[in-house]
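Okay, here's what each chain looks like letter by letter:
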Amino acid sequence: MSKTAVSTENAPKPPAKFSQAVRKGNLLQVAGQVAFDPATNEIVGADVAGQTRQTFKNIEAVLTAAGSSLADAIMVRVYLTDTAHFAPFNEVYDELIGDAPQPARTTVYVGLPGELLVEIDVLCVLD
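Only a predicted model underlies this, so the values are computations on that prediction, with no experimental measurement involved.

**Observations regarding the packing of aromatic side chains**
Item 1. Across all of its chains, the model carries two aromatic pairs by this definition.
Item 2. Here a set of aromatic residues connected by ring pairs shows up, and it is made of Phe56, Phe89 and Tyr93.
Item 3. Over the aromatic face of Tyr93 sits the side chain of Arg105, whose NZ or CZ is 4.5 Å from the ring centroid.

**Things to note about the nonpolar core**
Item 1. Ranked by internal contacts, the top residues of the largest apolar core, which has 26 residues, are Leu28, Phe89, Ile120 and Val122.
Item 2. Only β3 (27-33), α1 (48-65), β4 (73-80), α2 (86-97) and β6 (118-125) provide two or more residues apiece to this core.
Item 3. Looking at this core element by element, the count peaks at six residues for α1.
Item 4. Look past the residues within four positions of Phe89 in its chain and what remains in contact with it is Val48, Thr52, Val78, Leu80, Arg105, Val118 and Ile120.

**A look at the packing of α1 against α2**
Item 1. Two numbers describe how α1 lies on α2: the axes approach to 8 Å, and their chain directions differ by 30°. Between α1 and α2 lies a crossing whose hand is right-handed. Along the contact surface, α1 presents Val48, Ala49, Thr52, Arg53 and Phe56, while α2 presents Pro88, Phe89, Val92, Tyr93, Glu95, Leu96 and Ile97.
Item 2. The residue makeup of the contact of α1 with α2, split by class, is nine nonpolar, one polar and two charged.

**Description of α1**
Item 1. For α1, spanning 18 residues, the distance from its first C-alpha to its last is 26 Å, which sits close to the expected 26 Å at 1.5 Å a residue.
Item 2. Three or more residues of α1 are buried, namely Val48, Gln51, Thr52, Gln54, Thr55, Phe56, Asn58, Ile59, Ala61, Val62 and Leu63.
Item 3. Remark: Gly67 follows α1 within two positions and exhibits a positive phi of approximately 75°.

Each value, and the rule that gives it
- Residues numbered from 1 in each chain as written.
- Predicted model: local features only at pLDDT ≥ 70, side-chain atom pairs only at ≥ 80, totals over all residues.
- Heavy atoms only, no water.
- Phe/Tyr/Trp six-rings, centres within 6.5 Å; stacked < 30°, edge-to-face > 60°.
- Lys NZ or Arg CZ within 6 Å of the ring centre and 35° of its normal.
- Core = buried A, V, L, I, M, F, W, Y, C linked by side-chain atoms within 4.5 Å.
- Buried < 20%, exposed > 50% of the residue type's maximum accessible area, 1.4 Å probe, protein only.
- Helix = DSSP H or I, 4+ residues; strand = E, 2+ residues; numbered from the N terminus.
- Contact = heavy atoms within 4.5 Å.
- Axes fitted to C-alpha atoms, helices over the stretch in contact; angles between N-to-C directions.
- Left-handed = near helix turned anticlockwise from the far one by under 90°.
- Nonpolar A, V, L, I, M, F, W, Y, C, P; charged D, E, K, R; others polar.
- Expected span 1.5 Å × (residues − 1).

The following block contains the structure:
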């Protein structure tokens, strides 16, 4: 079973030598996405809610390129820079992910470069 890289112009290009996503069999791992506009490479959103929306826009672009969607997500890893961002992040997350069943999720607090406030990666199982 071979690995296939997934790539799209509708999401930011990776800053190093890695794929936007990789598929092997029915598993799809989307690399950590941030709030960069793919056309300008500038951060979209001055707060965690705005950056979360752009980050999910980028994730959805990669998922679409792979023939997938958030409905296939079984695990979401969230990296926030501040514990104070947890509540506003969750409001946007709940709105975008939907009700049932939500994927498993881990939230970690880290340092991110520049003015980035959130990074998210997603693991999907495809039918």
